[in-house]
Amino acid sequence: MAANGARCGHPQKRAAQKAKQNGKSTDASVRERRQKDKEDRLSLVVWRRPITTLHYFLLETLIKLKELTKKLWQRRGMVFLVLLLCCLFSFAYSTEGSHQQYVTYLEKRFLWCAYWVGLGILSSVGLGTGLHTFLLYLGPHIASVTLAAYECSSTDFPEPPYPDQIVCPQSGGMEGSISLFSIMSKVRLEACMWGAGTAIGELPPYFMARAARQSGADPEDEDYEEFEEMLEQAEGTQDFVTRAKLGVQHMVQKVGFFGILACASIPNPLFDLAGITCGHFMVPFWTFFGATLIGKAIVKMHIQKLFVIITFSKHIVAQMVSLIGSVPKVGPALQKPFSQYLEAQKNKLHHAGGSAPADENWLSWVFEKVVLVMVCYFVTSIVNSMAQSYAKRLRQQKHSDGKTK
């Protein structure tokens, strides 16, 4: 009987091993297919397949607009309330009266805050790739205010034309009366609004991962797929990037609010992973968003702001110009346009009307072209990303149709 039991047991073991091997081979084939689909999808870019990319981009845009329309219709009560408030403001705006000064003030402040919040969202929302609005807009704004404050010995710039144009006040301040804290106070609103915008831009990964965990569906996001693969292969990871991502994930998961606050308070390119982690492990919304808002709009923003102000303070700028001139051979040639540019800015502040020669002052020309190139790259990345999203949608629909047949 024992022999018969042994003989009966062998086929069962062989069947189990065969099923296990088949399962492994199936997983490997699925992984290879996904990798091939990903490579084909990533090749869908404007400079390689422009017609197909633009066609897919338009189709994906129509799908997104349709989804947005459905969501707005589901929240039509909130939409109606917003439209009603807009109508009331429009009525107050067009009606003459003593309230016009308050309406004008509120309009100006709202548009100014919305401008910086929008730039912050563009910096972190991840539409293809983030637009570096700190380097392009907020940083130069803080730098120009810093240079003007030291030159005018005051931060009481006339408004208008500030902030579109900085002009020294008629009654200038005392020499040496400018401090770091006075300049920080001058640009605090812009910096905090930009930081709040970056916090809002971190919400999509959180909501995507949270919805995927609640519904059990596979979301159309490559970062989330990489996150799940990283969790599955966590024990065998050796490279630095993966270990850094796992460190962020463990910190956010175990420490909670203060872990999110610490990750948001420093320049952290892996913070998208924190949003995915919080959504995946069902961290409460206000815990995630509150910590992110405090970290980005208050802590991190004051660190970045202080760095820019110190870098562009009067004595540091003078040292930088002299340091450029001390570079052998090319130093004096580079020092001349920098000195002329700074002198031109000082003349403009004091209404002297002086400006650097057009053929020698190339700094502003270079900056304008850098901004143009970065904005074009940002728009192109959005087109590529949406076209690839539509290609993935088609691939998933094709596989689902193949399973139903």
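Structure: above.
Residues numbered from 1 in each chain as written. Predicted model: local features only at pLDDT ≥ 70, side-chain atom pairs only at ≥ 80, totals over all residues. Heavy atoms only, no water.

Undergrad: Would you mind going over the state of the cysteines with me for this structure?
TA: A covalent bond between the sulfur atoms of two cysteines is what we call a disulfide. Taken as a whole and judged by the stated rule, the model has one disulfide. Disulfide partner of C152: C168, at an S-S distance of 1.7 Å. Judged by the torsion about the S-S bond (-70 degrees), the C152/C168 disulfide is left-handed. Here C168 lies in the loop between α5 (133–152) and α6 (180–186) and C152 lies in helix α5, a separation of 16 residues in the sequence. (Disulfide = S-S within 2.5 Å. Helix = DSSP H or I, 4+ residues; strand = E, 2+ residues; numbered from the N terminus.)

Undergrad: Any chance you could explain the nonpolar core here in plain terms?
TA: Side chains of nonpolar character tend, in soluble globular proteins, to be buried together. Within the largest apolar cluster, 25 residues are counted, with the highest numbers of intra-cluster contacts made by L138, V145, F157, I183 and W194. Elements supplying a minimum of two residues to this core: α4 (100–124), α5, α6, α7 (188–201) and α13 (285–311). The biggest single contributor to this core is α5, with nine residues. Non-local contacts of L138, meaning those with residues more than four positions away in its chain, are made with W116, T133, E190, A191, W194 and M301. Among the nonpolar cores identified, the runner-up in size contains 15 residues, and L261, V283, F288 and F289 belong to it. (Core = buried A, V, L, I, M, F, W, Y, C linked by side-chain atoms within 4.5 Å. Buried < 20%, exposed > 50% of the residue type's maximum accessible area, 1.4 Å probe, protein only. Contact = heavy atoms within 4.5 Å.)

Undergrad: Looking at this model, I keep getting lost on the packing of aromatic side chains. Mind explaining?
TA: Any two aromatic rings considered together are summarised by their centre-to-centre distance and by the angle between their planes. For the structure shown, the criterion picks out 15 aromatic pairs. Ring geometry for Y115 versus W116: centroids 5.1 Å apart, planes at 75 degrees, classification edge-to-face. What makes Y115 partly exposed here is its relative accessible area of 38%. The class of W116 is buried, set by a relative accessible area of 3%. When the ring centre of W73 is taken as reference, the NZ or CZ atom of R76 above it lies at 4.5 Å. The ring of Y162 carries K186 above its face, with NZ or CZ at 4.5 Å from the centroid. (Phe/Tyr/Trp six-rings, centres within 6.5 Å; stacked < 30°, edge-to-face > 60°. Lys NZ or Arg CZ within 6 Å of the ring centre and 35° of its normal.)

As far as function goes, none of this settles anything; it's purely spatial.
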